[in-house]
Amino acid sequence: MAGKPVRPVNAIDQTRRMLSLVTYLRERPGARVADVARAFGITEDELVSDLDVLPMCGTSFRGGDLLDIDTDGERIWWHNPAALGADAAEPLRLAADEATALLVAARAVATLPGLRESDRQALLRATAKVEGAAGEAAGASSRLSVTFESEGGVFADVDRAISERRRLWIRYYSPARDEVTEREIDPIRLVSVGHTYVEAWCRRSEARRTFRLDRVAEIKILDEPSAPPEIELRDLSEGLVQPAAEDPEVVVEVGPGGRWVAEYYPHDSADELPDGGLRITVRTPDPASLRRLALRLGRDGRIVSPPELADSARQAARAALAGYDGVEAAQDATRAQRDGLYDRAE
């Protein structure tokens, strides 16, 4: 099956497109979905996704001020275009806490590294206007500040790389292997599923990979252009982890205390066991990553197959126990020395 061309998308570009979409639709009542998608250079599915967001936008959160836009799959209908008219809504009034929150957030975003200068200047101009309109209510915001953790800088660099279609170099921590690796990646898109991730084509593995931003230890934007192959973007509505049919199969047996595994891990089957536990069959492109699950389960579970993974998990457990026993032995020796000193003192 032929894949869809990869289209780099980021939040700023999508916001610009949706603002343009509002003007476009207001001037073209009953516009055809296919025509609008073609005009904006996006797929019909992407357009429908934008249309799902627009009804949550407006001049206020009151029902009459939100955009009433829907589609029957063929045409797009805007039932209240006057909602954005000059006389449609009352002037926006911010409470003191609203003005403070808005100004603090705006100043914080303006400091993000990697933010395009034109966007930064536009944000600062908007901030100045809000300060002027808020008057005394803006005073509290000058005494507050927000400092982003490292993930904020990583996000900005990834967003910029996607926008400018440039390759990234990253040092990335993989908890499954407990190691830090260096990679060059061609970023495709940013996604948020509990945490924020970048979906990218990894030049080290020559495959699509997803990297969690808070595990990126270091990042650099390279001069080399980003050129991911044409691949179909995954539907992440069912979650980030979506095993493929061709992925290796792993069977895990858990006791009653490990039944939570079936709730947190996508699985092909979960069969009841006589002791109240479960026999769970999962698929994963990286079976070795489940060793950590086995260690976490302890006595509440074990890997049954494949045999080599089960052996590896048992060896990891023995190594962990040996390390624990070594620590206990050292503590016992220390206590014995201490007790001996006390005996002599008495």
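The shown structure was predicted, so the numbers you read here are calculated from the model rather than taken from an experiment. (Residues numbered from 1 in each chain as written. Predicted model: local features only at pLDDT ≥ 70, side-chain atom pairs only at ≥ 80, totals over all residues. Heavy atoms only, no water.)

Brief notes about the packing of aromatic side chains
For the structure on display, the rule yields two aromatic pairs. Geometrically, the ring pair formed by tyrosine 24 and phenylalanine 40 is edge-to-face, given 5.3 Å between the ring centres and 75 degrees between the ring planes. With a gap of 16 residues between them, tyrosine 24 in helix α1 (residues 11–26) and phenylalanine 40 in helix α2 (residues 33–40) connect regions that are remote in the sequence. Take phenylalanine 40: its relative accessible area is 22%, and that puts it in the partly exposed class. It is arginine 28 that lies over the ring of tyrosine 24; its NZ or CZ is 3.9 Å from the centre. Sitting over the ring of tryptophan 169, lysine 220 keeps its end group 4.9 Å from the ring centre. (Phe/Tyr/Trp six-rings, centres within 6.5 Å; stacked < 30°, edge-to-face > 60°. Helix = DSSP H or I, 4+ residues; strand = E, 2+ residues; numbered from the N terminus. Buried < 20%, exposed > 50% of the residue type's maximum accessible area, 1.4 Å probe, protein only. Lys NZ or Arg CZ within 6 Å of the ring centre and 35° of its normal.)

Points about the confidence of the model for the protein
Regions with low pLDDT should not have their predicted coordinates read in detail. Mean pLDDT over the protein: 77, with 73% of residues reaching 70 or higher. Ignoring residues within four places in sequence, the model shows residues 1–8, a span with pLDDT below 50, making 20 contacts including any to other chains. (pLDDT = per-residue confidence, 0-100. Contact = heavy atoms within 4.5 Å.)

Here we look at α2
Of all the positions in α2, only Val33, Val36 and Ala37 are classed as buried. All buried residues of α2 lie within an arc of 100 degrees about the axis, which places them on one face of the element. Taken from the residues just after α2, glycine 41 is the one with a positive phi, measuring 70 degrees. (Arc of directions from axis to C-beta.)

Here's the deal with the side chain of arginine 212
Secondary-structure assignment places arginine 212 in strand β6 (residues 207–212). At a separation of 2.8 Å, a polar atom in the side chain of arginine 212 contacts the side chain of aspartate 214. If we skip the residues at most four places from it in the chain, arginine 212 touches Tyr172, His195, Thr196 and Tyr197. (Polar contact = N/O pair within 3.5 Å; in protein donor to acceptor, adjacent residues only side chain to side chain.)

Topic: the sheet that holds strand β8 (residues 249–254)
Judged by pairing direction, the sheet is antiparallel, and its four strands sit side by side in the order β9-β10-β8-β11 without closing on themselves. Edge positions in the sheet fall to β9 (269–272) and β11 (301–305), since each of these pairs with one other strand and no more. Taken over all neighbouring pairs, the strand axes of this sheet differ in orientation by 25 degrees on average, direction set aside. Direction of pairing for β9 relative to strand β10 (residues 278–283): antiparallel, over a ladder of four bridges. Across the sheet, glutamate 272 pairs through a bridge with leucine 278, a residue of β10. (Pairing = 2+ DSSP bridges. Axes fitted to C-alpha atoms, helices over the stretch in contact; angles between N-to-C directions.)

Looking at unusual backbone geometry
Look at the link from serine 305 to proline 306: it is a cis peptide, with omega at 5 degrees. Looking at the element boundaries, proline 306 is found in the loop between β11 and α9 (307–345). Of note, arginine 165 is a non-glycine position whose phi angle comes to about 55 degrees, a positive value. Relative to the assigned elements, arginine 165 resides in the loop between α6 (150–164) and β3 (166–174). A residue is classified by how much of its surface remains accessible, and arginine 165, at 54% relative accessible area, is exposed. The backbone of glutamate 206 shows a phi angle near 50 degrees, a positive value even though the residue is not glycine. Positionally, glutamate 206 belongs in the loop between β5 (195–202) and β6. When its relative accessible area of 45% is taken as the criterion, glutamate 206 is described as partly exposed.

Regarding the packing of helix α4 (residues 96–110) against helix α5 (residues 117–134)
Put simply, α4 and α5 touch, their axes get as near as 10 Å, and they point 160 degrees apart. In terms of axis orientation, α4 runs roughly antiparallel to α5. Every pair of crossing elements has a handedness; the one defined by α4 and α5 is left-handed. Residues Ala99, Leu102, Leu103, Ala106, Arg107, Val109 and Ala110 of α4 form the contact with α5, whose own contacting residues are Arg120, Leu123, Leu124, Thr127, Val130, Glu131 and Ala134. In terms of residue class, the contact of α4 with α5 is made up of ten nonpolar, one polar and three charged. (Parallel < 35°, antiparallel > 145°, perpendicular 65-115°, else oblique. Left-handed = near helix turned anticlockwise from the far one by under 90°. Nonpolar A, V, L, I, M, F, W, Y, C, P; charged D, E, K, R; others polar.)

A word on the side chain of arginine 166
Relative to the assigned elements, arginine 166 resides in strand β3. In this structure arginine 166 comes out as buried when scored by relative accessible area, which is 18%. Polar contacts involving the side chain of arginine 166 include one to the side chain of glutamate 164, which spans 2.7 Å. Not counting residues within four places of it along the chain, the set of residues in contact with arginine 166 comprises Arg160, Ala161, Pro187, Ile221, Leu222, Asp223, Glu224, Pro225 and Ser226.

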